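Now for the letters of each chain:
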Amino acid sequence: MGESLVCDICGKLATVHLTQIINNQIQKVDLCEECAQQKGVTDPEGFSLADFMAKNIEATAGPDAVAGSSLVCPSCGCTPRDFKRTGRLGCPECYEAFDSLIKPMLKNMHRGDHHTGKVPHELLHRVGLRKAINRLQDQLAHAVEQEKYEDAARYRDELDQLKSQSQPEPPAR
Amino acid sequence: MTIKPLLDANAELTSGGAPGEPIVMSSRIRLARNLDGRAFPGWAKKAQRREILSACEKAVAQLPQMQNGTVLRLDDLSELERQVLVERHLISRELSQGEPSAGVIISRDQACSIMINEEDHLRIQVLRTGHGFDDIWKVIEAIDNRLETLLDFAFTAQLGYLTACPTNLGTGMRASVMLHLPGLVMANHMEKVIRAVNQMGMVVRGLFGEGSDATGSIFQISNQQTLGESEQEIIARLEHEAIGSIIEQEKNARALLLESKPEKIRDKIGRAYGILQNGHLLSSAEAMSHLSLLRLGIDCGFIAESWRGPIDRLLIEMQPGHIQLAAHESIESDMRDTARARLLREETRRIPPLDFET
């Protein structure tokens, strides 16, 4: 007699057992008839376990991950419950807010957990420069407020130099 | 009618591109990109979606690749027009489903389309007939590079391009090919192939992606994973581990069928030819499977190679949305079957009698 498995989503008796090899690791999910139907598992063509895992945090991060969580994204207000319901995050910052939930999921979903592909160098340079300029402007304002004019002059020179680097490019024809 | 000029123009898939190839009908790459500090489309409020749409439209308008392209807002299109764009693979089903402030910009040759406010802020796709990712990658990379100078994409060194669904994270890239696999279908091997491809971490889907069925023996194969490998590695693995071996298996399946049951194959193709030339009621599923057999007939040498382009075009133009749009109204399903049969009679009448001697 094999031991009976329970559904990873609702805890009822599981009758659908799925195995896929992702990233050379065997991934298994056990589901009851109803949850399997609902999640589209019975469609042999459209279904992929990775998609499924994205939408079912419990299956990867444990059943308490959503229920016991008080996490909320400070930027957009999205919660793990919203993520579970839709399978989508609220905004780019959610990745940082839900890091502890998403990290374990990525290993099951992808070939690795860090990016090795294309890097938008121009973008990173531009954004980095903008942040540096904002920081210097704050420092400059602060120095003026404190009447530290020598510091202020230094910040102003640095600021001028950074600004000259970030000339907006000529508009496209 | 907003999309009429688009349909009348020469398009990559219907006439402009190089003629397709046996087995590999078309290849496509799409990139998912999002703006930093903005809610993803599914979470964004209406006003935010509007802002995103206009910011993205403005940036896309500056792309040299999109000059003289078509800018469409989905809100302005009828349901039928949306359906036609889906049938031509210019927009996804998800985009067509009617969320407000969704848009698409389609290049003049219709090889490139950029969707706005789909699942991600931007979905850039380049699609070409035949087989080959190298050129497609060059084109899409150039577009992406230019957009990167105009928009602040959400990107981190650790996770790459940030996407609404973690399954697209990293490269945000999905590369796919549309394969015509009648041999494997007739030999009942498709289930085995799908399972093997799934186990390699790739996906097999029907003609219209997620959840669609595979009438006409046409399947779409794509990478599943997007993080942890570079774009080139993903393409190479898809190419060598999946596509190459499926093509090989399809060729073997055809050779075996032609050797063991030549009459059966000729009979199927011959009947398809007869029905297309003489039928008066054709559902799209039936038309699809007959056209698929004519395509096989070309590969077998029964029909001249010059017919490949027209047959691939008919595979698109006989779909329900196209038939209705051509009839200038939404018509009942049986009227559609009549109109479809008429179109196919007219178009296939000029195909010379099949040459079974080769």
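Residues numbered from 1 in each chain as written. Chains lettered and ligands numbered in written order. Predicted model: local features only at pLDDT ≥ 70, side-chain atom pairs only at ≥ 80, totals over all residues. Heavy atoms only, no water.

Asker: Explain the environment of B:Asp76 to me, please; I cannot follow it from the model alone.
Answerer: All names here are of chain B. Relative to the helices and strands, Asp76 resides in the loop between β2 (70-73) and α4 (79-87). Residues Asp76 and Leu159, spaced 83 residues apart in sequence, show a C-alpha to C-alpha distance of 36 Å. Residue contacts for Asp76: discarding those within four places in its chain leaves Thr2 and Glu81. (Helix = DSSP H or I, 4+ residues; strand = E, 2+ residues; numbered from the N terminus. Contact = heavy atoms within 4.5 Å.)

Asker: How should the confidence of the model for chain B be read in this particular structure?
Answerer: With 95% of its residues at a pLDDT of 70 or more, chain B shows a mean pLDDT of 92. For this predicted complex, the interface confidence reaches an ipTM of 0.87, while the overall pTM sits at 0.84. (pLDDT = per-residue confidence, 0-100.)

Asker: Mind showing me how you'd approach the environment of B:Gly170 here?
Answerer: In this structure, B:Gly170 sits in the loop between β7 (160-161) and β8 (173-180). The spacing of B:Gly170 and B:Ser230 is 60 residues in sequence and 8.8 Å in space, taken between C-alpha atoms. If sequence neighbours within four positions are ignored, B:Gly170 has contacts with A:His115, B:Leu159, B:Gly160, B:Tyr161, B:Thr226 and B:Leu227.

Asker: What is the right way to look at the pattern of salt bridges in this model?
Answerer: Where charged atoms from two side chains of opposite charge approach closely, those side chains can pair. Scanning the entire structure with this criterion turns up 32 salt bridges over all chains. For B:Asp120, the salt bridge goes to B:Arg123, with nearest N and O atoms at 3.0 Å. Given a relative accessible area of 8%, B:Arg123 falls into the buried group. Residue B:Arg254 is joined to B:Asp299 by a salt bridge in which the shortest nitrogen-to-oxygen separation is 2.8 Å. Of the two residues, B:Arg254 sits in helix α9 (residues 231-260) while B:Asp299 sits in helix α11 (residues 284-299), which places them 45 residues apart along the sequence. What makes B:Asp299 partly exposed here is its relative accessible area of 23%. Taken together, the shared-partner salt bridges connect A:Arg88, B:Glu118, B:Glu119, B:Asp120 and B:Arg123 into one network. (Salt bridge = Lys/Arg side-chain N within 4 Å of Asp/Glu carboxyl O. Buried < 20%, exposed > 50% of the residue type's maximum accessible area, 1.4 Å probe, protein only.)

Asker: What should I look at first to understand the sheet that holds strand β9 (residues 202-205) of chain B in this one?
Answerer: Pairing between the strands of a sheet is mediated by backbone hydrogen bonds and can be parallel or antiparallel. Residue and element names in this part refer to chain B. Pairing within the open sheet is antiparallel, and its 8 strands lie in the order β2-β3-β4-β5-β1-β8-β10-β9. The sheet is open, and its two edges are formed by β2 and β9, each paired on a single side. Direction aside, the axes of adjacent strands within the sheet are offset by 20° on average. In the sheet, strand β1 (residues 24-33) pairs with β8 via 7 bridges, with the strands oriented antiparallel. The residue of β8 that forms the bridge with Ser26 is Met178. This element, helix α6 (residues 134-150), spans β1, β4 (112-116), β5 (122-129) and β8 of the sheet and lies at about 155° to β5. Sitting on the sheet, helix α8 (residues 190-199) touches β9 and β10 (218-223), and the angle it makes with β9 is about 150°. (Pairing = 2+ DSSP bridges. Axes fitted to C-alpha atoms, helices over the stretch in contact; angles between N-to-C directions.)

Asker: Help me understand the interface of chain A and chain B in this model?
Answerer: A common way to express how large an interface is: the accessible area buried when the components associate. On the side of chain B, 60 residues touch chain A, which itself brings 49 residues to the contact. Summed over both partners, the interface of chain A with chain B comes to about 4,300 Å²; 54% of that surface belongs to carbon and sulfur atoms. Joining chain A to chain B, the criterion identifies 5 salt bridges. Taking the shortest distance from any N to any O, the salt bridge between A:Arg126 and B:Asp152 comes out at 2.7 Å. Counting across the interface, chain A meets chain B through 25 residue pairs in polar contact (both at pLDDT 80 or more). Those elements that place two or more of their residues in the side of chain A that touches chain B are β1 (16-22), α2 (49-55), α5 (80-86), α7 (99-109) and α8 (121-145) of chain A. Among the elements that line the side of chain A that touches chain B, the one with the most residues is α8(A), at 7 residues. (Buried area = accessible area lost by both parts, 1.4 Å probe. Polar contact = N/O pair within 3.5 Å; in protein donor to acceptor, adjacent residues only side chain to side chain.)

Asker: Honestly, the domain arrangement of chain B in this entry has me stumped. Any pointers?
Answerer: Residue and element names in this part refer to chain B. Taken domain by domain, chain B holds domain 1 (1-15 + 28-170) and domain 2 (261-349). Computed over C-alpha atoms only, the centres of domain 1 and domain 2 are separated by 31 Å. Across the contact, 11 residues belong to domain 1 and 10 residues belong to domain 2. Both faces considered, domain 1 and domain 2 share a buried interface measuring about 980 Å² in area, 69% of it formed by carbon and sulfur atoms. Inspection of the region where domain 1 meets domain 2 yields 0 salt bridges. (Domains from an automatic or database assignment.)

Asker: What exactly am I supposed to notice about the confidence of the model for chain A here?
Answerer: The predicted coordinates should not be examined in detail at positions where pLDDT is low. Mean pLDDT over chain A: 78, with 70% of residues reaching 70 or higher. Looking over chain A, one finds the lowest element-wise mean pLDDT in helix α4 (residues 64-67) of chain A, namely 56, and the highest in helix α6 (residues 94-97) of chain A, namely 95.

Asker: Please explain the pairing of β8(B) as it appears in this structure.
Answerer: Each regular strand carries side chains that alternate between the two faces of the sheet. All names here are of chain B. The element β8 is largely enclosed, with a buried count of 8 among its 8 residues. The two faces of β8 match: Met173, Ala175, Val177 and Leu179 on one face and Arg174, Ser176, Met178 and His180 on the other face are all buried. Pairing between β8 and β10: 5 bridges, direction antiparallel. Each bridged residue has a counterpart across the sheet, and for Ser176 the counterpart in β10 is Ser222.

Asker: Hey, could you run me through the side chain of B:His322 in this one?
Answerer: Residues and elements named next belong to chain B. By the secondary structure assignment, His322 is in helix α13 (residues 320-326). A polar contact is formed between the side chain of His322 and the side chain of Arg88, at a distance of 2.9 Å. Those residues in contact with His322, other than ones at most four positions away along the chain, are Val84, Glu87, Arg88, Ile316 and Glu317.

Asker: I'm lost on unusual backbone geometry in this one. Help?
Answerer: Across the chain, the bulk of peptide bonds are trans and the bulk of non-glycine residues have phi less than zero. Residues and elements named next belong to chain B. Even without being a glycine, Ser101 presents a positive backbone phi close to 55°. Note that Ser101 resides in the loop between α5 (93-96) and β3 (103-106). The phi torsion at Asn117 lies on the positive side, around 60°, for a residue other than glycine. Within the element layout of this structure, Asn117 appears in the loop between β4 and β5. A residue is classified by how much of its surface remains accessible, and Asn117, at 3% relative accessible area, is buried.

Asker: Would you take a moment to explain the packing of aromatic side chains for this structure?
Answerer: Think of a pair of aromatic rings as described by two things: how far the centres are apart, and how the planes are tilted against each other in angle. Residue and element names in this part refer to chain B. Throughout the structure, instances matching the rule amount to 2 aromatic pairs over all chains. With a centroid separation of 4.9 Å and 70° between ring planes, the pair formed by Phe155 and Tyr161 is classed as edge-to-face. Here Phe302 and Phe356 contribute two aromatic rings whose centre-to-centre distance is 4.9 Å and whose plane-to-plane angle is 65°, an arrangement assigned as edge-to-face. Placement of the pair is Phe302 in the loop between α11 and α12 (308-317) and Phe356 in the segment after α14 (333-348), with a sequence separation of 54 residues. By relative accessible area, which is 26% here, Phe356 ends up partly exposed. The aromatic ring of Tyr161 is capped on one face by Arg33, whose charged end is 3.4 Å from the ring centroid. (Phe/Tyr/Trp six-rings, centres within 6.5 Å; stacked < 30°, edge-to-face > 60°. Lys NZ or Arg CZ within 6 Å of the ring centre and 35° of its normal.)

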